[in-house]
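Next come the chains, spelled out residue by residue.
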Amino acid sequence: MARARFVFALSALAAAATALSACSPSVSSSAPQDPFAAPVVPGQGAQGLPGDLHGTINAPTPRSGSGVVTVALVGGAQLPTETAEAFTKATGFSVAVVPVDGVAMVPKADADVVLGLDGADALQAARAGMIAGAPPQDTMTLAGTAVDGAPAAVAYGRDDVCVIADKSWMSANNRPLPTSFHDLSDPRVRALLTVPDPASSSVGRAFVQEAASQTGEGLGPFVQSLNPRVDASLGATIGAWTAGAYVSDSYLSEVVGSESGKSGSYPLVVAPRSLAAAAATNTGADSYGTAVTSTCIARIMYVAATQAPASDGAESLIAWLQGEIAQRSLATTGAAYPIDGVLAADTKAEWLMGISGNAVVTDETIGSLDAMNAWLSTWSSAIEAPAPASTPEPTTEPTTEPQTSSAVDPVQDEAGAEDDGSAAYDDEE
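For the structure given in this document, a descriptive report is provided here. Keep in mind it's a predicted model, so treat the numbers as computed, not measured.

The next thing to look at is the sheet that holds strand β10 (residues 289-297). Spatially, β8-β7-β9-β6-β10 is the arrangement adopted by the five strands of the open sheet, whose pairing is mixed. A strand with exactly one partner marks an edge of an open sheet, and here the two such strands are β8 (229-231) and β10. Ignoring strand direction, the axes of neighbouring strands in this sheet form an average angle of 35°. Direction of pairing for strand β6 (residues 161-166) relative to strand β9 (residues 268-272): antiparallel, over a ladder of five bridges.

See the structure below:
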């Protein structure tokens, strides 16, 4: 669905910034030569107040200027208000964001910058001419993150796609979390799952890619047995989640197809890990959601200019996103796990996203576009012809109310309201 543009501008600061002369990007002379020579583990070396943290990225200095930088946010990627305002304060440029559900919709955003591409998105966008064919001036591509075939893509964070579970619903209804990817097709689990449409959603496509890597030539039969609910967009999937009403409005404002305060009947949803941070409890240190680790596909997130040469504002934003202030802001808000992992210490990204270890990881979404097209075709065919399901003897559902939502059990909802071929299942251990 069409989304309005959200403009984050600090008019007084922007006006003051225009009085300053523009400066060319440069690399700090004090920056380390090889910031990732050794693994950067979250929390190590980070002491004291947030202002005392020092990141490791050899980031360029962003340009100063004025005007609006229009940013296309792909597949639930976030540029929180406080992050955008910090960029305006630092550079004078303001930001307008246009959410899109998948990379194919990027041209309609008429954007200067695309934010939230994973490796496969970057390759598709580069092949279609949606992003520039060359990297921004003086912007570094971090070691281990370059995408062959998409030189304009610059890494800024990580946000894996996983099955995100409503912990309270699963506990209150005596449902164990899946322990493997194949558990998702178990009759006791599959009726609980909803997925954004892989044909149009980058998140859904990443899930299919993970399914293909886990099942190999058995992708079709696996999808037939999985037979999930498929939603038109990531926002619709979040709205079907039993904990959907607890997702922050700021997150939902940048997700296509979302509605504030809406909960559904499905406790398992395919979404980015950042959804868990967006569904934080009142304490901010815990979440209604948790990633089912065995279902995750690791995704480095990229930003890219849409044209070469990029505008001053586009190059400024790309450079700024690699710096300490932006990296810390993304981590604090839980919008992404910072590519500079030390800056995740004591933030929502560290507490709630469930990512740890090396600051740079292999982007598991990079692969052959031809193979991905074949996987999507297999998915579509399997969804249209799900495997027959046996119906076990019905038993009484748990009477305990979920702590996060009053939504009905998706098994009962499925049996009573949807005729999609999925079977109800009992609660016997």
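Picking up after the structure, the text goes on.
Across the interface, helix α2 (residues 81-91) lies against helix α13 (residues 324-333) with an axial gap of 9 Å and an inter-helix angle of 165°. Between α2 and α13, the interaxial angle falls into the category roughly antiparallel. Between α2 and α13 lies a crossing whose hand is right-handed. Contacts between α2 and α13 involve Glu82, Thr83 and Ala86 on the former and, on the latter, Ile325, Ser329, Leu330 and Thr333.

This part takes up the nonpolar core. Formed by 45 residues in total, the largest nonpolar core has its most connected members in Phe207, Val247 and Leu275. Considering each element in turn, this core owes the most residues, six residues, to helix α7 (residues 202-215). Grouped together as the second largest cluster of nonpolar side chains are 29 residues, Ala72, Val98, Ala150 and Leu369 included.

Cut-offs used in this document
Residues numbered from 1 in each chain as written. Predicted model: local features only at pLDDT ≥ 70, side-chain atom pairs only at ≥ 80, totals over all residues. Heavy atoms only, no water. Pairing = 2+ DSSP bridges. Helix = DSSP H or I, 4+ residues; strand = E, 2+ residues; numbered from the N terminus. Axes fitted to C-alpha atoms, helices over the stretch in contact; angles between N-to-C directions. Parallel < 35°, antiparallel > 145°, perpendicular 65-115°, else oblique. Left-handed = near helix turned anticlockwise from the far one by under 90°. Contact = heavy atoms within 4.5 Å. Core = buried A, V, L, I, M, F, W, Y, C linked by side-chain atoms within 4.5 Å. Buried < 20%, exposed > 50% of the residue type's maximum accessible area, 1.4 Å probe, protein only.

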